[in-house]
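Given next are the chains, with one letter for each unit.
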Amino acid sequence: MDYVRWAERYDIFYEAAPEGELEFYLNAIERVDGSVLELGVGTGRIAIPAAMMGHDVTGVDLNRPMLERARGKLGDASLAGSLELLEADMCELELPKRDFDLVIVPAHTLALVSEATRQLAALKRCAMHMASDATLIFNLFNPSDDLIHDESGERFLLGVVVNEDDGTRHVLTGINNFDTEAQTNYCIQTIESFDRNGQLIDREELNVAFRYLHHHQVEEMLAEAGLKLIDFFGDFNGEPLSQSSEEMIYICRLG
Ligand SMILES: C[S@@+](CC[C@H](N)C(=O)[O-])C[C@H]1O[C@@H](n2cnc3c(N)ncnc32)[C@H](O)[C@@H]1O
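Since we're looking at a predicted model, the values are computed, not measured. (Residues numbered from 1 in each chain as written. Predicted model: local features only at pLDDT ≥ 70, side-chain atom pairs only at ≥ 80, totals over all residues. Heavy atoms only, no water.)

**Q** How do you make sense of the packing of aromatic side chains when you look at a structure like this?
**A** Two numbers describe a pair of aromatic rings. These are the distance of the centres and the angle of the planes. With the rule as written, the count across this model stands at nine aromatic pairs. Measuring from centroid to centroid gives 5.1 Å for Phe138 and Tyr250, while their planes differ by 25 degrees, and the two rings are stacked. Taken together, the residues span a long stretch of sequence, with Phe138 in strand 5 (residues 130-141) and Tyr250 in strand 12 (residues 247-254) at a distance of 112 residues. Here Phe138 and Tyr250 have matching classes, each one buried. Taken together, the ring pairs connect Phe141, Phe178, Phe210 and Tyr212 into an aromatic cluster. Positioned above the aromatic ring of Phe100, the side-chain terminus of Lys97 is 4.9 Å from the ring centre. (Phe/Tyr/Trp six-rings, centres within 6.5 Å; stacked < 30°, edge-to-face > 60°. Helix = DSSP H or I, 4+ residues; strand = E, 2+ residues; numbered from the N terminus. Buried < 20%, exposed > 50% of the residue type's maximum accessible area, 1.4 Å probe, protein only. Lys NZ or Arg CZ within 6 Å of the ring centre and 35° of its normal.)

See the structure below:
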């Protein structure tokens, strides 16, 4: 994955994030009276508003261009709390602070870790950095039967993002390619940008591999990582997880 090109376009892509995702995480952060650790902080989409709300946030990311983008955005933000941005691999994370009150891994980031053993290692690192009564929240996409067995190769619409200032329209699409043996979706995501007259001004393709997990595998990994599942949902409104859910959202504690 080319994170320089990704970092430039990430904020456009995440304008089309699943409905309610940003609010869900910000509400969870608001309810916590304490420090927050975000693994895979990216360009600070969640961490920056959290720090603006008055929280002390530590954001970790493996890819420097993402962190540089976050630092650039931070330049303009006025923070009531604090934001520390650190370059590290979440699967090997070892921070001096081990008592965060909330740890979050939003936006399917655990699926960007390409092997099961490393996904488990990441969950163990979450547990290692949690205070005894802390909460861990993360979300993954639900690999429903329909989704992973769809071999149509058809392009699907992820979203349309309009820049109100200059009228630029960004059309975000994807093509999935599921390898059910490797439990990996080799996805090609495309951003096409059109000016206000409808002229194509930019087209970028980004390849992303997601190692997906089935719900029972998440349960097994959590138990192995010393984490207890408190609740799980199928969307950001708190609907139960079902075969047709798009999301798998997990709330966990130590134990
Ligand atoms: C989908 S983005 C999510 C960004 C941010 N959490 C948000 O919700 O907007 C995933 C981020 O995780 C980072 N990442 C991927 N693998 C990682 C790893 N092993 N350790 C730390 N960060 C990682 C990527 O660089 C990217 O910035």
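That was the structure; now back to the text.
**Q** I keep staring at the pairing of strand 9 (residues 184-194) and nothing clicks. Help me out?
**A** Looking along a regular strand, one sees the side chains alternate between the two faces of the sheet. Extensive coverage of strand 9 is indicated by the burial of eight of its 11 residues. Relative to strand 9, strand 7 (residues 169-175) runs antiparallel, the two being bridged by seven bridges. Within the sheet, the bridge partner assigned to Gly174 lies in strand 9 and is Gln189. Here strand 8 (residues 178-179) folds back onto strand 9, and the loop between the two strands holds four residues, one of which, Gln183, carries a positive phi near 50 degrees. In this sheet, strand 10 (residues 200-211) lies alongside strand 9 in antiparallel orientation, the contact comprising 11 bridges. (Pairing = 2+ DSSP bridges.)

**Q** What is the right way to read the site of the ligand from this model?
**A** Around the ligand, 20 residues are found, and the nearest of them are Tyr10, Glu38, Gly40, Asp61 and Asn63. Residue Tyr10 places a side-chain N or O atom 2.6 Å away from an oxygen atom belonging to the ligand. A distance of 2.5 Å separates a nitrogen atom of the ligand from a polar atom in the side chain of Glu38. Bound to the protein, the ligand loses 97% of the 600 Å² it would expose on its own. A per-element tally of the shell around the ligand places helix 1 (residues 3-15) first, with three residues. (Near = heavy atom within 4 Å. Polar contact = N/O pair within 3.5 Å; in protein donor to acceptor, adjacent residues only side chain to side chain. Areas by Shrake-Rupley, 256 points an atom, 1.4 Å probe, with all protein chains shown as cover.)

**Q** Is there a simple way to think about the domain arrangement of the protein in this case?
**A** Bring the parts together and some accessible area is lost; that lost area is often taken as the interface size. When cut into domains, the protein gives domain 1 (3-142 + 213-254) and domain 2 (145-211). Look at where the C-alpha atoms of domain 1 and domain 2 centre, and you get two points 23 Å apart. Interface of domain 1 and domain 2: buried area, both sides summed, is about 1,900 Å²; carbon and sulfur atoms make up 62% of it. Applying the counting criterion to the domain 1 and domain 2 interface returns two salt bridges. Glu204 is paired through a salt bridge with Arg9; the nearest N and O atoms lie 3.3 Å apart. Here domain 1 is connected to domain 2 by six residue pairs in polar contact (both at pLDDT 80 or more). For the side of domain 1 that touches domain 2, the secondary structure elements donating two or more residues are helix 1 and helix 5 (116-128). Top contributing element to the side of domain 1 that touches domain 2 by residue count: helix 1, with six residues. Partitioning the side of domain 1 that touches domain 2 into residue classes produces 10 nonpolar, seven polar and four charged. (Domains from an automatic or database assignment. Buried area = accessible area lost by both parts, 1.4 Å probe. Salt bridge = Lys/Arg side-chain N within 4 Å of Asp/Glu carboxyl O. Nonpolar A, V, L, I, M, F, W, Y, C, P; charged D, E, K, R; others polar.)

**Q** Please clarify how unusual backbone geometry should be interpreted in this entry.
**A** For residues other than glycine, phi is negative in most cases, and the peptide bonds are mostly trans. Its identity as a non-glycine residue notwithstanding, His108 has a phi of 60 degrees, on the positive side. Along the chain, His108 falls in the loop between strand 4 (100-105) and helix 5. Judged by its relative accessible area of 15%, His108 is buried.

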